[in-house]
Amino acid sequence: MASPPNVESIYRLTATQEGILFHAVQNEATGLYLQQFTAVLVGELEVERFRRAWEATVARHPALRALFTWKKRPHPLQVVRRTVELPLEVVDDVGLINDGAALETFLEQDRRRGLPLDAAPVMRLTLVRGSAGRHRLIWTFHHIALDGWSMRTVLHEALGRYAGVEPGGPLPASQSHQSFVEWLGSQPEEAALSFWREHLRGFDEPTRLAVAAPAGPPPSSEGGSHRDHVLRLSTERTAALAQAARSGRVTLNTMLRAAWALTLARFSGRDDVVFGATVAGRPPELPGIEETVGMFIHTIPVRTRIDRSQRAAAWCTSLQHDQLDALPFETTSLAAIQRASDVAPGTALFESILVMENHAAPEMTGLESGRSSLQIEEARYLERSHYPLALLVVPGPELELILVHDVAKVSPDVATQLLEFVEQTLSRLAHQPQCTVAELAALGDKELHRLEQLSRSPAQKAAVQADDVIRRIEAAALANPEGVALRCPGSDPESVTYQDLVERSQALATGLQGHGVAPGDLV
């Protein structure tokens with residue numbers, strides 16, 4: 001039977017795409033999984049030439065011409081159009097180039113517009129013309145169609161075409177997202193499911209922070225309820241972290257996993273934690289997979305059991321071994337892994353994810369070093385998922401940590417504390433690799449100060465020197481973390497170590513703050 005006149009191909013979604021579709025449709029007003037790339041373009045801008053470069057790029061990559069259909073179907077499908085019209089809007093507003101507040105307002109409004117998934121392409125471009133050779137590009141696209149790696153590929157090609165650099169002829173059918181989906185469907189799952197079943201055995205509930213939900217009314221659904229907290233490490237601290245990774249023969253990714261696992265342990269009160277980690281999802285056996293455009297990444301669970309007596313360097317090495325063990329099974333769908341786990345059906349396996357933005361700097365510098373006649377400055381990539389917590393890591397001379405949190409579930413104060421603890425842990429990993437994990441997790445000066453401030457009401461100041469008590473307990477936890485601090489006959493457990501006491505106190509303090517408790521309040 002002949003295909004409809006403007007249909008090139010029809011095929012299934014990956015399990016990851018189906019998950020994104022579900023959450024996007026359920027939360028349409030919040031802009032979940034809408035991605036935004038924005039940057040200042042420096043150079044002489046010819047709008048029609050710019051348009052032609054993008055039209056040719058869209059014509060070359062089927063994934064950029066796909067729409068998604070799911071209503072009244074046994075399973076959702078992606079439909080690739082033969083031709084599509086490029087949605088490019090040209091705006092004359094210098095404020096969007098130089099005024100940060102105006103840009104943020106525009107990005108929020110752009111997100112609220114949404115993108116219809118049943119019309120191709122699921123993207124749009126806004127080109128802001130400025131003066132003195134400075135312009136701004138805002139590219140909004142849906143994550144169901146593209147991952148960050150593909151975003152970089154498309155940008156390189158479109159701006160390269162603008163500069164007169166042609167990428168080559170048409171792509172072979174084997175180098176397409178459809179061929180990847182077909183390959184994925186042909187892979188046996190038995191060995192993979194056996195691995196994940198054993199890996200997650202005994203873990204039966206997601207790792208949740210021991211903090212109260214933020215007080216007050218829930219945020220407006222306009223634009224979503226996710227907010228960003230950004231922290232940049234200096235070039236010196238970033239270099240020290242990279243050197244520590246090389247000396248310990250582990251990757252930066254492994255050190256970030258260690259820091260996030262320890263952060264979850266601290267704020268959940270558990271030493272067996274699971275979080276999600278995004279993986280590239282591009283099987284090397286498929287030809288041209290590195291340059292293929294589409295949605296390939298997906299998320300796998302990372303389970304970490306924390307032994308506080310272990311040396312930090314040895315712990316990172318064991319985490320990297322775990323990562324290598326999971327490597328052959330990374331293409332297993334999260335839905336299948338979830339079914340193989342002991343977590344109850346309908347309950348999420350994890351509530352936070354760690355994302356290493358491998359498409360970001362320094363790889364993006366290829367666009368900044370002369371390949372395109374339009375140079376890129378002030379590049380930003382904004383993304384939103386359905387997870388309450390996401391730690392995004394952007395490599396570069398100054399490592400950037402972005403904590404994206406749902407303000408309906410995690411307050412800004414708690415988000416700040418989480419990010420500070422990640423920073424502290426990374427610093428200790430860089431400078432004290434032979435400390436124990438217990439010492440790695442010990443309270444820092446900022447946390448001690450926060451606890452002191454919380455404990456100091458006027459009445460308490462007269463009754464007890466709280467700071468002295470806190471510091472004595474902290475000193476005991478550092479000197480003998482496994483020593484017994486409290487005995488509770490008849491309870492389970494019957495004793496509490498100094499380290500447990502410190503961590504439970506921190507979790508309680510964080511929970512009280514989340515409820516809006518201030519110094520001097522009666523509880």
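Owing to the predicted nature of the structure, the values given are computational and were not obtained by experimental measurement.

Hey, could you run me through the sheet that holds strand 13 (residues 389-394) in this one?
In any sheet, the strands associate via hydrogen bonds between backbone groups, in a parallel or an antiparallel arrangement. Taken together, the 6 strands give an open sheet; going across it, the order is 8-14-13-11-9-10, and neighbouring strands pair in mixed fashion. Of all the strands in the sheet, just strand 8 (226-232) and strand 10 (298-305) have a single pairing partner and so form its edges. The average undirected angle you get between the axes of adjacent strands in this sheet is 25°. Relative to strand 10, strand 9 (residues 272-279) runs antiparallel, the two being bridged by 8 bridges. Following the sheet pairing, Val279 is matched in strand 10 by His298.

Which parts of the structure should I look at to understand the confidence of the model for the chain?
Detailed reading of the predicted coordinates is not advisable wherever pLDDT is low. The predicted model of the chain has a mean per-residue pLDDT of 85, with 84% of residues at 70 or higher. Counting interchain partners and residues more than four positions distant, the pLDDT-below-50 stretch residues 360-371 has 27 contacts.

Please clarify how the packing of aromatic side chains should be interpreted in this entry.
Aromatic ring pairs are described here by two measures, namely the spacing of the ring centres and the angle between the planes. Evaluation of the coordinates by the stated rule reveals 11 aromatic pairs. Aromatic pair Phe350 and Tyr387: ring centres 5.6 Å apart, planes at 25°, arrangement stacked. Placement of the pair is Phe350 in the loop between helix 11 (334-340) and strand 11 (352-356) and Tyr387 in the loop between strand 12 (375-382) and strand 13, with a sequence separation of 37 residues. Judged by relative accessible area, which is 3%, Phe350 ranks as buried. Looking at Tyr387, the relative accessible area reads 9%, which means it is buried. The structure contains a cluster of three or more aromatic residues connected by ring pairs, namely Phe50, Trp54, Trp139, Phe141, Tyr162 and Tyr381.

Mind showing me how you'd approach helix 7 (residues 190-199) here?
Of all the positions in helix 7, only Ala192, Leu193, Phe195, Trp196 and His199 are classed as buried. Down the axis of helix 7, the buried set is contained in an arc of 160°. They therefore lie on one face. Seen from the buried face of helix 7, the exposed residues on the opposite side, beyond 90 degrees, are Glu190 and Ala191.

How do you make sense of the packing of helix 9 (residues 252-268) against helix 12 (residues 412-431) when you look at a structure like this?
Packed helix pairs are specified by the crossing angle of their axes together with the interaxial distance, meaning the distance between the axes. At a closest axis distance of 9 Å, the pairing of helix 9 and helix 12 adopts a crossing angle of 130°. Taken together, the axis directions place helix 9 and helix 12 in an arrangement best described as oblique. Judged by the twist between their axes, the crossing of helix 9 over helix 12 is right-handed. Listed contacts from helix 12 to Met255, Leu256, Ala258, Ala259, Trp260, Leu262, Thr263, Arg266 and Phe267 of helix 9 are Gln417, Leu418, Phe421, Val422, Thr425, Leu426, Leu429 and Ala430. By residue class, the composition of the contact of helix 9 with helix 12 is 13 nonpolar, 3 polar and 1 charged.

Quick question: what am I supposed to make of unusual backbone geometry here?
Excluding glycine, a negative phi dihedral is what most residues carry, and trans is how most peptide bonds are arranged. Residue Pro121 follows Ala120 across a cis peptide bond; omega there is 0°. Residue placement: Pro121 occurs in the loop between helix 4 (100-113) and strand 6 (123-129). One non-glycine residue, Lys72, lies in positive phi territory at about 60°. With respect to the helices and strands, the residue Lys72 is situated in the loop between strand 3 (66-69) and strand 4 (77-81).

Any chance you could explain the environment of Arg52 here in plain terms?
With respect to the helices, strands and loops of the structure, Arg52 is situated in helix 2 (residues 47-60). Residues Arg52 and Arg161 lie 109 residues apart in sequence; the distance between their C-alpha atoms is 8.6 Å.

Each value, and the rule that gives it
Within any chain, residue numbers begin from 1 and follow the written order of that chain's sequence. Whole-chain, interface and lining totals are the exception, using all residues; otherwise, since this is a predicted model, local features are given only for residues with pLDDT of at least 70 and side-chain atom pairs are given and counted only at 80 or more. Side-chain measures here rest on the full set of heavy atoms in the structure, leaving out hydrogens and waters. We call two strands paired when DSSP finds no fewer than two bridges between them. Counting from the N terminus, the helices are the DSSP runs of H or I reaching at least four residues and the strands are the DSSP runs of E reaching at least two. To obtain an axis, a line is fitted to C-alpha atoms, over the contacting stretch when the element is a helix, and the angle between two such axes runs from 0 to 180 degrees between their N-to-C directions. The quantity known as pLDDT measures the predictor's confidence residue by residue, on a range of 0 to 100. Two residues form a contact once any of their heavy atoms are found within 4.5 Å. Pairing of aromatic rings covers Phe, Tyr and Trp, the last counted by its six-membered ring, and requires centre-to-centre distances within 6.5 Å; plane angles under 30 degrees mean stacked, over 60 mean edge-to-face, and any other angle means tilted. Working definition: with a 1.4 Å probe on protein chains only, accessible area under 20% of the residue-type maximum means buried, over 50% means exposed, and in between means partly exposed. Directions drawn from the helix axis to the C-beta atoms are what define this arc. Oblique is the label for every angle not falling under 35 degrees (roughly parallel), over 145 degrees (roughly antiparallel), or within 65 to 115 degrees (roughly perpendicular). Handedness of each helix crossing follows the sense of rotation of the near helix against the far helix: counterclockwise by less than a right angle gives left-handed, clockwise gives right-handed. Amino acids outside the nonpolar list (Ala, Val, Leu, Ile, Met, Phe, Trp, Tyr, Cys, Pro) and the charged list (Asp, Glu, Lys, Arg) are all regarded as polar, and Gly is one of them.

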